[in-house]
Amino acid sequence: MKTINFAIDLGTTNSLIAKYDDGTIKIYNNPIGLKQTLPSCIAFRGNRTVIGDKALDYLEKDAENICMLFKRKMGTQDTYYVPSIDKEMSPIELSSLILKELKNFVNDEEVLNSVVITIPASFDTIQSNATKKAGYMAGFKEVVLLQEPIAACLAFANTSNTEVNEKQNWIVYDFGGGTFDVALVEVNDRELKVTDNLGDNYLGGADFDNLIVEKLIVPFIEEKLSLTNLWKDLKSKTTNFNGLYFELLKIAEEAKKELSHYEDTEVELDIDINTENFYESFTIKREAFEELIRPKVEQTITFIQDVIKNNQLLKTQIERVILIGGSTYVPLIKKRISEAIGVEVNSSIDPTSAVALGAAYYAGSKPATVSDDEITKEKVVEDSVDFKLFYEQNTRDLEELITAKVNSKEVGSYRIMRRDGGYDSGVKILDDGSFSEFVPLLEGRLNQFKIQLLNSELDVLKTIETVAINQGSYNVQGQPLPNDICMEIDDLDASTTRLEKVFAKGSILPLKKKIYKTASKTILQQSQSNLIINIIEGNSRGLPSSGLSIGYIEIFGKDLEEDLIKGTDIEIELEVTESRDLKINVFLQACDQEFKNVFSESERAISVNKINMEINTVLGDVEALIREHNSEENFEYSQQLETIRVGLIETQIAASLITDDDVSDAKFQLDDKKRKLIQDFDDLTRNKVIAKEIEEYNESKESLEYQLSYEKNEHFRDKYSRIIKNEREVINSGNKYLIRAKIKELDELYYAIIKSSDENFISYFLNLKFCTDFSNQRRADKLFKEGEKALDKQDYKSLRHIVYGLTALLPDHEKEKQKNFKDDSRTGLS
Amino acid sequence: MTEIINQVFALDLKMKKDNNDSLNRYVDRIYHEFEAMGFQIVNPIGQAYRNEMTDVEANIIGDLSRKSKITKVLKPVIYQVENNETRLLQKGIVIVE
């Protein structure tokens, strides 16, 4: 059986849409903006129609073209004349526009044919039929009405699992932002029925905010500044205090919310009055606030008492009071009702969404009677809409033009929305079958848009989802960077230095970025130790010494005003101007000291020391590789390496003959030569290194998968899927550091699984038997013996500790390597 | 998290108002951390206001026209970037004149 499932709370000031889905209720969020609620307000701006929050913008300026509170006129002959479109709009037409907008909240793949719409308990037959008509006008094929207090009771009953076996009387107390309603509902084991209702259309929570401003904030300001008449001035159109009035209302609203939770709240005023700044704060106690709103609250209590009295009931015959509407968060309300009626007051359901929630429960139980035939018909229309779109896909501007030509007689309007919720054009009329619209873009992001094409009744005929504009990445004008610009940093895990990309190849100049690093070594004021900021132009995946150093700063202990302590923050700001000047600004937080340098390509800073150091590092690697390949009789390859080795040594000798203050260009020639040699070495070895890393990655993955196949804990499996999610990306990156990081993640998970169960240590123990390089063989033998015993006894807990003991006896290669990563070969940045 | 961002933003505004730039570095660093966590914070001060901007809640003083500008930002616009998808997390609260 297909059920209706969708429900709409079509409210006087706000509306919501919800869906019943297999026992749970989803209340949809407005895709533009963040709220679940849509203000029931429409602005007509000539060729543009704005529905919801943004329609309120025009309230002051263009009130005659704004339609709101039309629910109060449902079922009457009254219409709203809208000058900007020269048309009479009926409350039914206006309500249908709100319903259509709510349909937009639902994902496009859902089809909405049937819906439950809520109405106030006070609606008569004509008003109810008018609501139904609005539903049909909005494109629904089936509309079922439900009274709001009933929906609230359903929300309460379904969320609290209340069972009612005999007849009971409940009261639904609905105190919203602008209206107040109270309903008496009769509940028994079969049905819910509204027996009576009363209300005031001009009493709401907004009155509380105004009272806080008028009676508390304004007198405080007046006293401090010796002003009079401020309250009147705030609300007057002729004074300049309009903005201040809004600001104070916001402050009051915040204070009201705070006072629902705390006994007092601090109101901080930082405002400008008559061009003077006023900065003061004061405390509002809950007591004072409650005194202020008490008369309004008492008014609502009288309504409850009246409704009970009118129905010849006694207070004791009321079983419970259910609170809905945003204003019921105020504790005084709950307290006063309890005192006055003496029954359980329930505020367990969310007061804003309760009606939509209850209506959705109802929709989930109500069979839908319309078939799906209509849907196919609509699809045909959608496919027949022909259109062409024009726009820049990449831009550096913060605004771009989207132009379209639509070849369809049915399409009359369009609407553009940015998917992140930051922009909505509103519904606009096509001009001669086309439109051109400037859309704002979010900086540095891929801005995705959704474009709707609508007919004259504002039904969506076609939705275009493919429009995306990339802000900031590319531009036809402007110079792109020919190479990555990187910074050399320490790679403590691998005991070497590596490049970290700062600006990617192809980025458009000028560029500026701040990088935050920590000091990887301590530099004492008296020490010879130094901090190296080396900015390199070249492939970020290559060795640091293979790139061109375009900016180099050494900060020595003697330059420091205080010791630089390992682990403290270093802030580095890099800027490459359009004329390719490089500005480096280093700030050492611990020393509160700043170093500024500007480099331009024509005056490269090169240190002979640095050349020497780099050659030494690479030489070691080259020689090790030559030995390895000689032993594998791979002579052709080792011959290529040998050429590089000789070149490096020659460069080193030449470098030793010049001094740092040499003014000739010898230094630069040597640096060039060094770079070329190291690049050759890089090219020769990179693929091999990557292949090796990938091999290791696969090995780690295989062992982990083997372990996972025996593992019952789902948590590990989830973690595994998360790690390998972007596997392809990482492998194809050709970046050994990324692959290395992945291997580390896999290995960590592997060890976590092993450690989660003592039994996993069996295979570990057996594997250790093949090791020969224990630092203390006698102790290892003893542990093996104990291990065998533990195995026999199936005492895996002890076995685990024995494995730990044995592992500690194995040499730590990593530690050794780290020891060799000497202080003077480091940059000091990590 | 939005509350923390709002407080830092308020602190930043207060310092700028008092012409106090001695702590800028630290505030910038905090903003940087927010960005690293996937928050994009936008201060629309001085921008021309268009009704189509659904990322701000505008309190409009006087008549809304093409010349209307955002003259005060009480809360910044906050977007959240997750898996390369951007979504609005908090609307800015602004005064438009």
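Each remark here, short or long, concerns the structure printed above.
Everything quoted here is computed from the prediction, not taken from an experiment. (Residues numbered from 1 in each chain as written. Chains lettered and ligands numbered in written order. Predicted model: local features only at pLDDT ≥ 70, side-chain atom pairs only at ≥ 80, totals over all residues. Heavy atoms only, no water.)

Participant: What am I meant to see in the overall build of chain A here?
Facilitator: Secondary structure assignment for chain A yields 20 helices and 34 strands. Taking 28 Å as the expected radius of gyration for a compact globule of 830 residues, we find that chain A reaches 37 Å, considerably beyond that expectation. Its C-alpha atoms give chain A principal-axis dimensions of about 105 × 75 × 70 Å. Looking at chain A as a whole, 48% of its 830 residues qualify as buried. Surface accessibility of chain A: about 41400 Å² in total, with carbon and sulfur atoms responsible for 47%. Computed over 104 positive and 143 negative side-chain charges, the inter-centroid distance for chain A is 3 Å. (Helix = DSSP H or I, 4+ residues; strand = E, 2+ residues; numbered from the N terminus. Rg over C-alpha atoms; globule rule 2.2 N^0.38 Å. Buried < 20%, exposed > 50% of the residue type's maximum accessible area, 1.4 Å probe, protein only. Areas by Shrake-Rupley, 256 points an atom, 1.4 Å probe, with all protein chains shown as cover. Lys, Arg positive; Asp, Glu negative; His and termini not counted. Charge placed at Lys NZ, Arg CZ, Asp CG, Glu CD.)

Participant: What is the right way to read unusual backbone geometry from this model?
Facilitator: For residues other than glycine, phi is negative in most cases, and the peptide bonds are mostly trans. We note that L69 of chain A has phi near 55°; this positive angle belongs to a residue other than glycine. With respect to the element layout, L69 of chain A can be found in the loop between β7 (66–68) and β8 (80–82).

Participant: Hey, could you run me through the sheet that holds strand β25 (residues 446–454) of chain A in this one?
Facilitator: Two modes of strand pairing occur in sheets, parallel and antiparallel, and in both the strands are linked by backbone hydrogen bonds. Residue and element names in this part refer to chain A. Read from one edge to the other, the open sheet built from eight strands follows the order β7-β5-β6-β23-β22-β25-β26-β20, with strand pairing classed as mixed. Looking at strand neighbours, the two that pair on one side only are β7 and β20 (394–395), the edges of this open sheet. Pairing analysis gives two bridges linking strand β6 (residues 48–51) to strand β23 (residues 427–429), with the strands arranged antiparallel. Counterpart to R48 in the pairing with β23 is K428. Relative to strand β5 (residues 41–45), helix α1 (residues 91–103) is tilted by about 105°, and along the sheet it contacts β5, β6, β7 and β22 (413–418). (Pairing = 2+ DSSP bridges. Contact = heavy atoms within 4.5 Å. Axes fitted to C-alpha atoms, helices over the stretch in contact; angles between N-to-C directions.)

Participant: What exactly am I supposed to notice about the sheet that holds strand β33 (residues 582–588) of chain A here?
Facilitator: Strand order in the open sheet formed by four strands is β29-β32-β33-β34 (chain A), with antiparallel pairing between adjacent strands. Where the open sheet ends on each side, the last strands, each with one partner, are β29 (511–518) and β34 (593–599) of chain A. Neighbour-to-neighbour, the strand axes of the sheet open up by a mean angle of 15°, direction not taken into account. Contacts between helix α2 (residues 24–36) of chain B and the sheet are confined to β29, β32 (569–576), β33 and β34 of chain A, with β29 of chain A contributing the most and set at about 90° to the helix.

Participant: In this structure, what is going on with the packing of aromatic side chains? I would like to understand it.
Facilitator: Both the distance between ring centres and the angle between the ring planes are used here to describe each pair of aromatic rings. Across all of its chains, the model carries 19 aromatic pairs over all chains by this definition. Ring geometry for F175 of chain A and F180 of chain A: centres 5.5 Å apart, planes at 80°, overall edge-to-face. Since its relative accessible area comes to 0%, F175 of chain A is described here as buried. Plain terms: the ring middles of F180 of chain A and F303 of chain A are 5.5 Å apart, the flat faces sit at 45° to each other, and that makes the pair tilted. Of this pair, F180 of chain A sits in strand β13 (residues 180–187) while F303 of chain A is found in helix α7 (residues 286–310), placing the two residues 123 residues apart along the sequence. On the basis of relative accessibility, which here comes to 18%, the residue F303 of chain A falls in the buried class. Following the ring pairs from residue to residue traces out a cluster consisting of Y173, F175, F180, F208, F289 and F303 of chain A. Above the plane of the ring of W170 of chain A lies R320 of chain A, whose end atom (NZ or CZ) is 5.2 Å from the centre. Between the NZ or CZ atom of K14 of chain B and the centre of the ring of Y279 of chain A, over which it lies, the distance is 3.8 Å. (Phe/Tyr/Trp six-rings, centres within 6.5 Å; stacked < 30°, edge-to-face > 60°. Lys NZ or Arg CZ within 6 Å of the ring centre and 35° of its normal.)

Participant: Would you mind going over the nonpolar core with me for this structure?
Facilitator: If you look at soluble globular proteins, the nonpolar side chains tend to sit buried side by side. Ranked by internal contacts, the top residues of the largest apolar core, which has 56 residues, are L234, L248, L269 and I337 of chain A. Listed in part, the 36 residues of the second largest apolar core include M74, V115, I117 and A130 of chain A. (Core = buried A, V, L, I, M, F, W, Y, C linked by side-chain atoms within 4.5 Å.)

Participant: Looking at this structure, I do not really get the interface of chain B and chain A. What am I missing?
Facilitator: Quoted interface sizes are often the accessible area lost when the parts come together. Chain B puts 41 residues into the contact, and the matching count from chain A is 46 residues. Its largest share of buried area at the contact with chain A, chain B owes to R25, N51 and E52 of chain B, together 18% of the area lost on that side. For the pair chain B and chain A, the interface holds 12 salt bridges. Linking chain B to chain A there are 23 residue pairs in polar contact (both at pLDDT 80 or more). For the side of chain B that touches chain A, the elements supplying multiple residues, two or more each, are α1 (2–17), α2, β1 (39–42), β2 (56–60), β3 (70–75), β4 (77–82), β5 (85–90) and β6 (92–96) of chain B. Of the residues forming the side of chain B that touches chain A, the biggest block, six residues, is contributed by β5 of chain B. (Buried area = accessible area lost by both parts, 1.4 Å probe. Salt bridge = Lys/Arg side-chain N within 4 Å of Asp/Glu carboxyl O. Polar contact = N/O pair within 3.5 Å; in protein donor to acceptor, adjacent residues only side chain to side chain.)

Participant: Can you help me understand the pattern of salt bridges in this one?
Facilitator: Counted by the stated rule, this structure contains 51 salt bridges over all chains. E571 of chain A is the salt-bridge partner of R25 of chain B, the closest N and O atoms lying 2.9 Å from each other. Of the two residues, R25 of chain B is situated in helix α2 and E571 of chain A in strand β32; the pairing between them involves two chains. By relative accessible area, E571 of chain A is classed as buried at 7%. Connected via shared salt-bridge partners are R48, E399, K428 and E437 of chain A together with R50 and E52 of chain B.

Participant: Can you help me understand the side chain of E571 of chain A in this one?
Facilitator: A polar atom in the side chain of E571 of chain A sits 2.9 Å from the side chain of R25 of chain B. With residues up to four places along the chain from it excluded, the contact list for E571 of chain A reads K514, I515, Y516, N585, V586 and F587 of chain A together with R25 of chain B.

Participant: What am I meant to see in the environment of L227 of chain A here?
Facilitator: All names here are of chain A. Take L227: it is sitting in the loop between α4 (206–225) and α5 (230–235). On the basis of relative accessibility, which here comes to 25%, the residue L227 falls in the partly exposed class. Each C-alpha atom of the pair L227 and K769 lies 90 Å from the other, and the pair is 542 residues apart in sequence. Excluding anything up to four places from it in sequence, L227 contacts E222, I273 and N274.

Participant: Just to check I follow, could you spell out the pairing of strand β14 (residues 192–200) of chain A for this structure?
Facilitator: It is a general feature of regular strands that their side chains alternate between the two faces of the sheet. Residues and elements named next belong to chain A. Where β13 and β14 come together, eight bridges link them in antiparallel fashion. Bridge assignment links L184 to a residue of β14, and that residue is D196. Where β13 hands over to β14, the hairpin turn is made up of four residues, counted between the paired strands.

Participant: Can you walk me through the packing of helix α18 (residues 777–792) of chain A against helix α19 (residues 796–809) of chain A in this structure?
Facilitator: The geometry of a pair of packed helices is captured by two quantities: the angle between their axes and the separation between those axes. All names here are of chain A. Here α18 crosses α19 at 160°, and the two axes come no closer than 9 Å. Comparing the axis directions of α18 and α19 gives the class roughly antiparallel. Seen along the crossing, α18 lies across α19 with a hand that is left-handed. Between α18, through R779, A780, L783, F784, E786, G787, A790 and L791, and α19, the contact on the second element is made entirely by Y796, S798, L799, I802, G805, L806 and L809. Considering only residue class, the contact of α18 with α19 consists of 10 nonpolar, three polar and two charged. (Parallel < 35°, antiparallel > 145°, perpendicular 65-115°, else oblique. Left-handed = near helix turned anticlockwise from the far one by under 90°. Nonpolar A, V, L, I, M, F, W, Y, C, P; charged D, E, K, R; others polar.)

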